[in-house]
Amino acid sequence: MALVFAGVCSHAPGITGRTHLAKPEDKDSFHAAYDGMRVSLEETRPDALIVIGAEHFANFFMNNMPTFAIGMGDSYEGPIEDEAWLGIKKHKVPGNRDLSTRLIQRVMQDVDVSYAEEWKFDHGIMVPLNFLTPRYDLDIIPININCQGPPLSPLARSYALGQALRRACDETPERIALVGTGGISHWPATPNSGKINEDFDREFLGIWAANKKSELLAYTDEDIYRRAGQGGFEIRTFIAVAGATAGATADIRYYRPIPPFAVGCTIGVVNLQQAGMRTAA
Amino acid sequence: MILYYLQKLLFQLNRDPATRKQYESDFDGLLMEYDLTHEEKEALGKPDIGLLYVLGVNGQLLMHYAALKGYAWPDYIQSMKDGVAQHGPVRAGIYTMVED
């Protein structure tokens, strides 16, 4: 079959854990945008959802840090954080070992990846799932890009990961949905939490939505760190989605800086029918 | 190795129930398992969230330790600011404080 859905979304823990600190209209409008993304995703009737995230030391640490890791479990669990702190109850999340294995084997033809049969989801995946699969009834395949422990891989490798993933999806019989989740500019869990560079965010989202590969890959980590903070390194997840959907543009359905959530809250959906590749009926 | 094992301890504490149990029942014994400096041990024990931040602990690890120790979010943010005021700029890592 093929990729049937692709998009990007924010995952900051404040989105669910610190809702009381945000203006009600900010919180409600962003949650509504997330719900709209869920509706669009469900309309494509996916068999599984790949979530490309950037975890925060829930599973992977500097003793053995994979640049890219793909889940290969029958199931996962999350959130690893305190339920009250995150505002999300603990769940067993269904995986799909067989599909994961096939995807991993195909991706490995082009990009080296690690695999993990055990994976505890942190807010980086649980916040999106809380909105997109609230009944936890869709098979999830997690992918992690190391965005926390430098050295980080070049942006071009994240784009290549996305391209490899697209080839893998196109060769599987299942209907696959794909979501990349990360911050754009943000300085999370620091004294600067709440700082957002809206100019950087809008510039980056414009380039991402137009899928301008050369401009996406022209960012350097020095530039990102200076303009978008250490949280900005997570643009790798958006770039991987761009790689998976080369040839297609996207719609930014929602963007609004919400400082109590510590990020410019974003929902973007790719117009997959433009991708010029196989599409599912 | 400075900082690496401090962060490793917090990583394990955040994700491993057995480490959490040992933290509560045998804190000194837990510290013995990691190659920590005297300053790091003191900062963990007090706890001095501000000093842990200045030592370079990644915020994604530190915010959970602060929550475990009962810090509300605004108090966690303030403790890092206080730490920088008291101990100087962040000494390592990528979670530095910048001008707003």
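Heads up: the structure comes first, above all this text.
In what follows, the accompanying structure is described. On a predicted model such as this, the values are computed, not experimentally measured, just so you know. (Residues numbered from 1 in each chain as written. Chains lettered and ligands numbered in written order. Predicted model: local features only at pLDDT ≥ 70, side-chain atom pairs only at ≥ 80, totals over all residues. Heavy atoms only, no water.)

### Digging into the sheet that holds strand β2 (residues 48–53) of chain A
The pairing of strands in a sheet happens through backbone hydrogen bonds and is either parallel or antiparallel.
Residues and elements named next belong to chain A.
So, point 1. One open sheet accounts for eight strands, arranged β6-β3-β7-β2-β8-β1-β10-β9; its pairing is mixed. Of all the strands in the sheet, the pair left with one neighbour each is β6 (114–116) and β9 (250–258). When strand polarity is set aside, the average angle formed by the axes of neighbouring strands in this sheet is 20 degrees.
So, point 2. Pairing of β9 with strand β10 (residues 263–270) involves eight bridges; the strand directions are antiparallel. Counted as the bridge partner of D251 is V269 from β10.
So, point 3. In the packing of helix α6 (residues 155–170) onto the sheet, the strands contacted are β1 (2–9), β2, β3 (68–71), β7 (139–145) and β8 (175–181), and the crossing angle to β1 comes to about 145 degrees. (Pairing = 2+ DSSP bridges. Helix = DSSP H or I, 4+ residues; strand = E, 2+ residues; numbered from the N terminus. Axes fitted to C-alpha atoms, helices over the stretch in contact; angles between N-to-C directions. Contact = heavy atoms within 4.5 Å.)

### Side note on the side chain of R18 of chain A
So, point 1. Position of R18 of chain A relative to the elements: it lies in the loop between α1 (14–17) and α2 (24–43).
So, point 2. It is E81 of chain A that comes nearest to the buried, bridge-free R18 of chain A among opposite-charge side chains, at 9.7 Å.
So, point 3. Discounting residues that sit within four places of it in the chain, R18 of chain A has contacts with P13, P260, F261 and A262 of chain A together with W73 of chain B. (Buried < 20%, exposed > 50% of the residue type's maximum accessible area, 1.4 Å probe, protein only. Lys, Arg positive; Asp, Glu negative; His and termini not counted. Salt bridge = Lys/Arg side-chain N within 4 Å of Asp/Glu carboxyl O.)

### Here we look at the nonpolar core
So, point 1. Core analysis: the largest hydrophobic core is formed by 134 residues, its most contacted members being I50, L129, F204 and W208 of chain A together with Y76 of chain B.
So, point 2. Filtering out sequence-adjacent residues up to four positions away, W208 of chain A remains in contact with V8, L216, F238, V241, A242, A250, I252, G268 and V270 of chain A. (Core = buried A, V, L, I, M, F, W, Y, C linked by side-chain atoms within 4.5 Å.)

### Some points on helix α6 (residues 59–68) of chain B
Each full turn of the α-helix corresponds to 3.6 residues, which orients residues three or four apart in the same direction.
Residues and elements named next belong to chain B.
So, point 1. Where burial is concerned, most of α6 is hidden: eight out of the ten residues are buried.
So, point 2. G59, Q60, L61, L62, M63, H64, Y65 and A66 are the residues of α6 that are buried.
So, point 3. Two residues or fewer past α6, G70 is found with a positive phi of approximately 90 degrees.

Coordinates in, geometry out; function isn't part of it.
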